Structure formats: structure tokens, C-alpha cells
Amino acid sequence: MKLKTFSALQHRNYRLFFIGQALSLTGTWMHSVAQGWLVLKLTDSAFFLSLVSAVGSLPVLFLSLIGGVVADRVPKRNLILLAQTLSMLLAFSLAMLVALDAIRVWQIIMIAGLLGIVNTFDIPARQAFIVEMVGKEDLMNGIALNSAMFNGARIVGPALAGLLIGYLGLTPCFFINSASYIAIIIGLLMMDIKPTVKREFHPVLKELAEGISYVRNAPSVLWFIVMVAMTSLFAIPYIALMPIFARDILHIGAKGLGLMMGASGVGALVGALTIASFGSVKRKGRTAFMAGIIANLALIGLSFSRAPFLSCLLLMFVGWGMISMLATVNTAIQDDVPDHLRGRVMSLYSLVFLGFTPIGNLIVGAVAHYYGTPFAVALGATICIVTYVLIALSHKELLAR
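The notes below deal with the structure included here. (Residues numbered from 1 in each chain as written. Predicted model: local features only at pLDDT ≥ 70, side-chain atom pairs only at ≥ 80, totals over all residues. Heavy atoms only, no water.)

1. Quick word on the side chain of Ser 347
Mapped onto the elements of the fold, Ser 347 is located in helix 13 (residues 342–355). With relative accessibility at 0%, the residue Ser 347 sits in the buried group. Among residues more than four places away in sequence, those in contact with Ser 347 are Ser 64, Leu 65, Gly 68 and Pro 124. (Helix = DSSP H or I, 4+ residues; strand = E, 2+ residues; numbered from the N terminus. Buried < 20%, exposed > 50% of the residue type's maximum accessible area, 1.4 Å probe, protein only. Contact = heavy atoms within 4.5 Å.)

Shown next, in the form of C-alpha cells:
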């Protein structure tokens, strides 16, 4: 019997996308770990760690809705292909600067910002592109497998980065990332995509308003997006502070940082595969709320832990809960949205998921700077739990959705 868990992989285009993205994202996670360690090495500052992460996400805050309009207007494969090519060139530039020992913090910030601009157009296009590869029947499975692939790379990438940094230094991580984009570029070029149905275009502001109006008048979509927004503001910023946990709190260095990030990725992978297997399960709202609460309780536990093994175990629960919540919310939203609005609605999802992260990184980073990293992480997780409970109590219909 064919496992439902992997049903989207029966589609050739999706297989090409899946393999290419898996290789490319492994490089991206290596880049992320190496970049954090590089910034910490250059500045010795929790604030600069959060600042670089914030600048990388900041363009989404201002441009993601425009990116959604573009994704609904042009062939999505072409848009993704352009974005991946530009990302490869920017990653190679950073690799060369590190190799030549000419890297400065301002250059890291600038490249992070440029990559953020590219991602603003890439992310909503990729989210909306899945349905073109797998169709409606396997859409939920495709979304969940996409999350599984992302988090599989999240396991392998940080672990490889930790080993490479420990034995060979930072430079190989950045060169491997720049080369990894070749995989997804080749995959996109090999796809056989049917021409999309042309539709009448309206002024950009009118099309923006149409997408926002849809979300505003769909209560389940609206409150799910609010939930993701709070998670981005106060929970997800823990990732930017992981180098502090590894170096100053747990005293396990770069190799330990890779293991910590990998532990979170293991939990996330299990969560994503679970959603892929049971993506049609009812009461997605209840699943999302419970997963979110578990993730944030684990973050509170992490803030008190001083044992590396316990911290990695807790990070597995963080990863499991976060991805289970986000994948469930994503599938619930995409199940409802009309095809002609998909890019715009997913750009709004991207806005709160990624665009609010820079604000959260700055807030949590500032709190960490003045009151300590463990306190900042615990405070953010507590705010999220209180918010989830208030939403659940005031909108009980979401739990039955």
C-alpha cells in the first residue's frame, strides 16, 4: 500500500523541486549557522546577532505584499528561478569576502538585507507554486513534505556546519551554500509546467486590497495569521540567540551549536512528517494550538536548562511543536484560499511569519542584552502561551475547525 506520507512525490515536477530544495536548503542552514558564529566572532554581541537576523527579514515587512501581487501575475517558476539565481550570486559574494579575510559586520548586514529582498518575492511564489506541481488532491501533503524537507535540511546543515567550523573554519560553509543553489536551479529548468490561465490585472493597490479583504472577512484565516504573528514576534527569535546558549550558557562551542540546531531540526522533521501523514485530519485548529503551547513550554524549559543533553531534548520539542503548528496553519489556510488569491494570501502569511521576525529579533535581542538571554527567551514564550489561550477562549470555533 502506498504511504500517504509521500504521495506528493509521485509528481515529477514536485520530485525535482523536492530534491533541489533539499540540497539548496542544506547549504542555507550551513550559511545560517556559520553567519551567526561569524557575527559573534566579529562583535561578541547578542544585539548584533539579532540585528543581522532582523535585517535579513526586514524587507519582508515592507515588500511581501507586493511580492504576493507579483506571484499572482507572473509564471511562478520563472520568478523562483530568478530569485534563486540572485541568491546564489549574493551567497558567493559573502563566501569570497570571508575567504579573503575582508569581511566586516556592515558587509554581512548589507548582504543579509539583499537576500531578504530576494526572499520577499521568492517565498510567496514558492508557497503558491506547490499547487501547480501536485494539484489540489495532494496539496496538503505537498505543503507538509515541503516543511519536512526544510527541517531535514535543518538537521543536516547545522550538523555539517558545526563540524566544518570546528575542523576547517567558516569559509567552506559559505562556499558550499553558494554552490548548493545550482541544484534547485537545475531542478526548476527541468520541470514541465503547464501555462497558467491568464486573468485580468487590476492596479496593484486594488489587488493588494482584494487579498487583505479576503483575510479580514475569513475569521479562521485571520486568527490563524494572528497566532503566527505572535509566534514570529516572541518565540522564533530564540533561533538568533542560539550561539549565546552554545558558547556562554552551555559552554559547548561551535560543534555544540550545530548539535543544538540539529536537535531542533529532528523534532521539526518528525512534526512535519506527522502532518504529511495526517494532513486531512479534522480539528486542525486544536492541533495547532496544542502544538504551539508545547513548543513554548519547551522554550521556557530551555531557558532554565544548563545541561547540554537536556537542552537538546527540549529543542526537539520546540522544533516538533513549532513546525506542527506552522504546517497545520499553512495547510488550513491554503485549503480555503481561492487559486487567484493564493499568492497574495500567502504573502500576508509570509509577512507575519518572516516580516515580524526582525521586530521580534530586535525586541528579544534588546531584552537579552539587558536582562540575559534565558530571561528573554522565557518571557517571549510566556507571552505566546498567554496569547494562544486568549485566542482559544475567545474564538472557540477555531478549535473545532
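From this point, the discussion proceeds with the structure in view.
2. Overview of empty space enclosed by the protein
For the coordinates displayed, the defined rule picks out three cavities of 30 Å³ or more. The calculated volume of the second largest cavity comes to roughly 50 Å³. In this structure, the second largest cavity is lined by Leu 65, Glu 207, Leu 208, Gly 211, Ile 212, Arg 344, Ser 347 and Leu 348. Elements represented by at least two residues in the lining of the second largest cavity include exactly helix 7 (204–216) and helix 13. With four residues, helix 7 is the single largest residue contributor to the lining of the second largest cavity. Here the residues of the lining of the second largest cavity are counted per class, giving four nonpolar, two polar and two charged. (1 Å grid on protein atoms, 1.4 Å probe; cavity = no way out; pocket = protein on both sides within 12 Å on 5 of 7 lines; lining within 4 Å. Points joined across faces, edges and corners; volume = space filled by probe spheres on them. Nonpolar A, V, L, I, M, F, W, Y, C, P; charged D, E, K, R; others polar.)

3. Details of a nonpolar patch on the surface
On the surface, a nonpolar cluster with roughly 560 Å² of combined accessible area is contributed by Ile 294, Phe 309, Leu 310, Leu 313, Met 316 and Phe 317. Among the elements that line the nonpolar patch, the one with the most residues is helix 12 (residues 308–336), at five residues. Since its relative accessible area comes to 68%, Phe 309 is described here as exposed. (Patch = residues over 30% accessible without salt bridge, like charges linked within 9 Å, V, L, I, M, F, W, Y side chains within 5 Å. Areas by Shrake-Rupley, 256 points an atom, 1.4 Å probe, with all protein chains shown as cover. Salt bridge = Lys/Arg side-chain N within 4 Å of Asp/Glu carboxyl O.)

4. Structural notes on the environment of Asp 122
By the secondary structure assignment, Asp 122 is in helix 4 (residues 105–134). For Asp 122 and Leu 82, which are 40 residues apart along the polypeptide, the C-alpha to C-alpha distance reads 8.6 Å. With residues up to four places along the chain from it excluded, the contact list for Asp 122 reads Ile 80, Ala 83 and Gln 84.

5. A few points about the environment of Ala 327
Relative to the helices and strands, Ala 327 resides in helix 12. Using a relative accessible area of 1% as the deciding quantity, one classes Ala 327 as buried. Taking the C-alpha atoms as reference points, Ala 327 and Leu 145, 182 residues apart in sequence, are found 9.5 Å from one another. Ignoring anything within four residues of it in the chain, the contact list for Ala 327 reads Ser 147 and Ile 275.

6. Points about the pattern of salt bridges
Within the structure shown, the criterion is met by six salt bridges. The salt bridge partner of Arg 247 is Asp 248, with a shortest N-O separation of 2.8 Å. Look at Arg 247 and you get partly exposed, because its relative accessible area is 29%. Here the salt bridges do not stand alone but share partners, grouping Asp 44, Arg 247 and Asp 248 into one network.

7. Section: helix 14 (residues 357–371)
With 15 residues, helix 14 should reach 21 Å at 1.5 Å per residue; the first-to-last C-alpha distance of 20 Å fits that figure. When we look at burial in helix 14, the residues that qualify are Thr 357, Pro 358, Gly 360, Asn 361, Val 364, Gly 365, Val 367 and Ala 368. Those residues of helix 14 hidden inside the fold are in contact with helix 2 (46–73), helix 8 (219–234), helix 13 and helix 15 (373–394). At the exit of helix 14 stands Gly 372, carrying a positive phi of roughly 100°. (Expected span 1.5 Å × (residues − 1).)

8. What about the side chain of Ser 64?
Its location among the elements puts Ser 64 in helix 2. Reaching out from Ser 64, the side chain makes a polar contact with the backbone oxygen of Ser 347 at a distance of 3.4 Å. If sequence neighbours within four positions are ignored, Ser 64 has contacts with Pro 59, Thr 120, Ser 347 and Leu 351. (Polar contact = N/O pair within 3.5 Å; in protein donor to acceptor, adjacent residues only side chain to side chain.)

9. Things to note about the nonpolar core
Proteins that are soluble and globular tend to have nonpolar side chains buried together. In this structure, Met 242, Leu 299 and Ile 333 are the most contacted members of the largest nonpolar core, which totals 120 residues. If one sorts the elements of this core by residue count, helix 1 (residues 12–43) sits on top with 12 residues. Beyond its immediate sequence surroundings of up to four residues, Ile 333 is in contact with Val 221, Phe 224, Ile 225, Val 345, Met 346 and Tyr 349. (Core = buried A, V, L, I, M, F, W, Y, C linked by side-chain atoms within 4.5 Å.)

10. Quick look at the packing of aromatic side chains
This model, assessed by the stated rule, comprises seven aromatic pairs. Ring geometry for Tyr 14 against Phe 18: centres 6.1 Å apart, planes inclined by 40°, an arrangement best described as tilted. Of this pair, Tyr 14 and Phe 18 both sit in helix 1, four residues apart, which is roughly one turn of the helix. Three or more aromatic residues joined by ring pairs make a cluster, and in this case those are Tyr 14, Phe 17, Phe 18 and Phe 129. (Phe/Tyr/Trp six-rings, centres within 6.5 Å; stacked < 30°, edge-to-face > 60°.)

11. Overview of the environment of Ser 45
Here Ser 45 shows up in the loop between helix 1 and helix 2. In this structure Ser 45 comes out as buried when scored by relative accessible area, which is 13%. With 320 residues separating them along the chain, Ser 45 and Gly 365 place their C-alpha atoms 9.6 Å apart. A distance of 3.2 Å separates a polar side-chain atom of Ser 45 from the backbone nitrogen of Phe 48.

12. Observations regarding the packing of helix 10 (residues 253–277) against helix 12
Relative to each other, helix 10 and helix 12 sit at 40°, their axes nearing to 6 Å. Relative to helix 12, helix 10 is oriented oblique. The chirality of how helix 10 crosses helix 12 is right-handed. For the pair formed by helix 10 and helix 12, the contact residues are Leu 259, Met 260, Ala 263, Ser 264, Val 266, Gly 267, Ala 268, Val 270, Gly 271, Ala 272 and Ile 275 on the first element and Cys 312, Leu 315, Met 316, Gly 319, Trp 320, Ile 323, Ser 324, Ala 327 and Thr 328 on the second. A class-by-class count of the residues in the contact of helix 10 with helix 12 yields 14 nonpolar, six polar and no charged. (Axes fitted to C-alpha atoms, helices over the stretch in contact; angles between N-to-C directions. Parallel < 35°, antiparallel > 145°, perpendicular 65-115°, else oblique. Left-handed = near helix turned anticlockwise from the far one by under 90°.)

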